[in-house]
Amino acid sequence: MTQPRILVTGATGKVGGAVVAQLRAAGVPVRALVRGEAEFPEGVQTVRGDLGDPASLGAALEGVDAVFLVWPFLSADGASDVIDVIGKHARRVVYLSSAGVQDRGGKEEAGEAITMFHTELERLVEASGLEWTALRPTGFAGNTLGWAQEVRATGAVRAPLAGLARPLIHEADMAAVAVQALTTDALLGARPVITGPELVTQERQVALIGEAIGRPVRFDEVTLEEAVEQMKAAGYPAELVEAVLPAQAKMIDHPEPVNDEVERITGTPARSFREWAVDHAADFR
């Protein structure tokens, strides 16, 4: 593909925003799908639309060659209609999936809401007739921004599973892989699992955030039961709470494998969680 015009959904989020920035830096025409007012650097076109309303996407897709698809809902309801609309305009879709998705023939556990909707989205994308890539990242380093308010207010993080170690991945690395999938043919029909460069426990993540902001931050471990109540009180949907915490607890004994796919695909080693913390220090100060 030569200089495709690319539509980025989830453009105001961390990953989508990084995809927009990297495409713009590479001189690739990029269009950001937004639901409301949003500011982007000069050269980025913004178009209103909502994935929850497929009929609103026509103008955003006009003249588009490829779509970076971030699905913002906890079920696949409505996804078929969205992919149908994409298929009427674009010829390629790159879907931000999850490392938890099992390839066909693997066991899928009922109740794992996040894995289930990603699995269904992948199937819909593959059946669409579009050129496709499904990116399967491990945990997002950016999810630790959920600790930011607590760190600013108390200098501590109250959470379960201090020893949970994950190869969290920087949004810039997910974006770099996405850019390769969007602008070259190297990842057509691929489902690359992409990870950070090392396993880092949650307790260590908090310590690294402290180093990045120049003051100690402590990890105060709570029970899983307390964490469930915290998440529900914070407004997280019950199906999300019931999916995330048990899955994370299992990772204590069965951590996610670490690989070098980011470097293989992009030519640059994956960024560490320490680097991510430095990049986002202002969020925690």
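Read on for an overview of the structure. This is a predicted model, so every value here is computed, not measured. (Residues numbered from 1 in each chain as written. Predicted model: local features only at pLDDT ≥ 70, side-chain atom pairs only at ≥ 80, totals over all residues. Heavy atoms only, no water.)

**Thoughts on unusual backbone geometry**
Then, number 1: Although it is not a glycine, Leu 161 sits at a positive phi angle of roughly 60°.
Then, number 2: Within the element layout of this structure, Leu 161 appears in the loop between strand 7 (156-159) and strand 8 (165-166). (Helix = DSSP H or I, 4+ residues; strand = E, 2+ residues; numbered from the N terminus.)

**A word on helix 6 (residues 171-183)**
Then, number 1: An ideal rise of 1.5 Å per residue puts 18 Å on 13 residues; helix 6 measures up with 18 Å between its terminal C-alpha atoms.
Then, number 2: In terms of residue burial, helix 6 counts as a mostly covered element, since 12 of its 13 residues are buried.
Then, number 3: Burial in helix 6 covers these residues: Glu 171, Ala 172, Asp 173, Met 174, Ala 175, Ala 176, Val 177, Ala 178, Val 179, Ala 181, Leu 182 and Thr 183. (Expected span 1.5 Å × (residues − 1). Buried < 20%, exposed > 50% of the residue type's maximum accessible area, 1.4 Å probe, protein only.)

**Examining the sheet that holds strand 3 (residues 44-48)**
Then, number 1: Reading across the sheet, the seven strands line up as 3-2-1-4-5-6-9 and stay open at both edges, with parallel pairing between neighbours. Edge positions in the sheet fall to strand 3 and strand 9 (193-194), since each of these pairs with one other strand and no more.
Then, number 2: Its contacts with the sheet put helix 1 (residues 14-25) on strand 1 (6-8), strand 2 (30-34), strand 3, strand 4 (66-69) and strand 5 (92-96), and the angle it makes with strand 1 is roughly 155°. (Pairing = 2+ DSSP bridges. Contact = heavy atoms within 4.5 Å. Axes fitted to C-alpha atoms, helices over the stretch in contact; angles between N-to-C directions.)

**Concerning the nonpolar core**
Then, number 1: In this structure, Val 8, Val 19, Leu 23, Phe 68 and Leu 182 are the most contacted members of the largest nonpolar core, which totals 30 residues.
Then, number 2: Looking at this core, the elements that each hand over two or more residues are strand 1, helix 1, strand 2, strand 4, strand 5, helix 6 and helix 10 (261-266).
Then, number 3: The greatest single-element share of this core, amounting to seven residues, is contributed by helix 6.
Then, number 4: Once you skip the residues sitting within four places of it in the chain, Leu 23 turns out to touch Ile 6, Val 8, Val 28, Val 30, Val 179, Leu 182 and Thr 183. (Core = buried A, V, L, I, M, F, W, Y, C linked by side-chain atoms within 4.5 Å.)

**Details of the packing of aromatic side chains**
Then, number 1: Under the definition given, this model contains three aromatic pairs.
Then, number 2: Consider the rings of Phe 273 and Trp 276, whose centres lie 5.4 Å apart with planes at 25°: the pair is stacked. Of this pair, Phe 273 and Trp 276 both sit in helix 11 (residues 273-279), three residues apart, which is roughly one turn of that helix. Each member of the pair, Phe 273 as well as Trp 276, is classed as buried.
Then, number 3: Look at Trp 276 and Phe 284: their rings are 6.1 Å apart centre to centre, the planes differ by 75°, and that puts the pair in the edge-to-face class. (Phe/Tyr/Trp six-rings, centres within 6.5 Å; stacked < 30°, edge-to-face > 60°.)

**What about the packing of helix 8 (residues 224-233) against helix 9 (residues 238-250)?**
Then, number 1: Relative to each other, helix 8 and helix 9 sit at 150°, their axes nearing to 10 Å. With respect to each other, helix 8 and helix 9 are oriented roughly antiparallel. The crossing of helix 8 and helix 9 is right-handed. In contact with Leu 224, Ala 227, Val 228, Met 231 and Lys 232 of helix 8, helix 9 contributes Val 241, Leu 245 and Ala 249.
Then, number 2: Residues belonging to the contact of helix 8 with helix 9 are distributed by class as follows: seven nonpolar, no polar and one charged. (Parallel < 35°, antiparallel > 145°, perpendicular 65-115°, else oblique. Left-handed = near helix turned anticlockwise from the far one by under 90°. Nonpolar A, V, L, I, M, F, W, Y, C, P; charged D, E, K, R; others polar.)

**Topic: the pairing of strand 4**
Then, number 1: Of the two faces of strand 4, the one lined by Ala 66 and Phe 68 and the one lined by Val 67 and Leu 69 are each fully buried.
Then, number 2: Where strand 1 meets strand 4, three bridges bridge the pair, whose relative direction is parallel. Considered in strand 4, the bridge of Ile 6 is made with Ala 66.
Then, number 3: Inspection of the sheet shows strand 4 paired to strand 5 by four bridges, in the parallel sense. Each bridged residue has a counterpart across the sheet, and for Ala 66 the counterpart in strand 5 is Arg 92.
Then, number 4: Chirality of the crossover, the property in question, places the unit of strand 4, helix 3 (residues 79-87) and strand 5 among those that are right-handed. (Right-handed = clockwise from strand over helix to strand, strands pointing away.)

Read these as layout, nothing more, since geometry by itself doesn't imply function.
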